[in-house]
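Overview (structure and organization)
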Amino acid sequence: AQTVTQSQPEMSVQEAETVTLSCTYDTSENNYYLFWYKQPPSRQMILVIRQEAYKQQNATENRFSVNFQKAAKSFSLKISDSQLGDTAMYFCAFISPRYNNNDMRFGAGTRLTVKP
Amino acid sequence: DGGITQSPKYLFRKEGQNVTLSCEQNLNHDAMYWYRQDPGQGLRLIYYSQIVNDFQKGDIAEGYSVSREKKESFPLTVTSAQKNPTAFYLCASAETSGGAFPFGEQFFGPGTRLTVL
């Protein structure tokens, strides 16, 4: 079974500082995709960043970057220069085309609070 | 603008009633999904559909039913058999055919909050 684990239920960071959210996953597949979704208080799920497992280079999107460690099955999200608008639930997600290309697995989420 | 709409935003149900949550997308996506979100938990898959007139059960399908008569629409019915239906429900869609990239990325609607009175 494919599982996704987020071990930090809640985190907080001061505005303008950097924070890292952890995610680990379990799979026997070699080809898969990983995502970080953000769910602000409005509850609208928004894609933050994605990573293809066959790419060694870590994905970056402006202030958001990932540290993808395939051997360790780790996929952490780093948020630089944190802003108040980054306050949200963050979900790590996994999908494998070969296993079941319609079954995206989500972690339980990390609630991030950015403090002024 | 392309996107996914869900209605209503808030829904109240009396015990023993069936209710239907609407989900419509104009992204021309083949696949559509229904998730349930409870406090402190991630998203759990209820049903998904890869193509019109076909759908599959997810992890927690008991007490729910769906239909996919049109590509754009994937309504979810919460039946009286669902013992604890109070939750936040999210609909999503994805383009999964023809080697679409980014593969599997799901686009979400704004959600429906269902409360049983």
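How each quantity is defined
Residues numbered from 1 in each chain as written. Chains lettered and ligands numbered in written order. Predicted model: local features only at pLDDT ≥ 70, side-chain atom pairs only at ≥ 80, totals over all residues. Heavy atoms only, no water. Helix = DSSP H or I, 4+ residues; strand = E, 2+ residues; numbered from the N terminus. Buried < 20%, exposed > 50% of the residue type's maximum accessible area, 1.4 Å probe, protein only. Pairing = 2+ DSSP bridges.

Focus on unusual backbone geometry
Omega for the peptide link from serine 7 of chain B to proline 8 of chain B comes to -5°, which places this bond in the cis form. In this structure, proline 8 of chain B sits in the loop between β1 (4-7) and β2 (10-13). Within the chain, aspartate 81 of chain A stands out as a residue other than glycine whose phi angle is a positive 50°. With respect to the helices and strands, the residue aspartate 81 of chain A is situated in the loop between β9 (74-79) and β10 (88-95). With phi around 60°, asparagine 28 of chain B is a residue other than glycine that occupies positive phi space. Among the secondary structure elements, asparagine 28 of chain B is positioned in the loop between β3 (19-25) and β4 (31-37). For asparagine 28 of chain B, a relative accessible area of 52% gives the class exposed.

Some points on the pairing of β4 of chain B
Looking down a regular strand, the side chains alternate between one sheet face and the other. Residue and element names in this part refer to chain B. Burial analysis of β4 places seven of its seven residues in the buried class, which makes it a mostly covered element. The sheet contact formed by β4 and strand β9 (residues 87-94) spans seven bridges and is antiparallel. Counterpart to arginine 36 in the pairing with β9 is tyrosine 89. Sheet topology note: the β4/strand β5 (residues 43-51) ladder contains six bridges and is antiparallel. Bridge pairing links methionine 32 to serine 49 in β5.

Function cannot be inferred from these measures alone, as they are strictly geometric.
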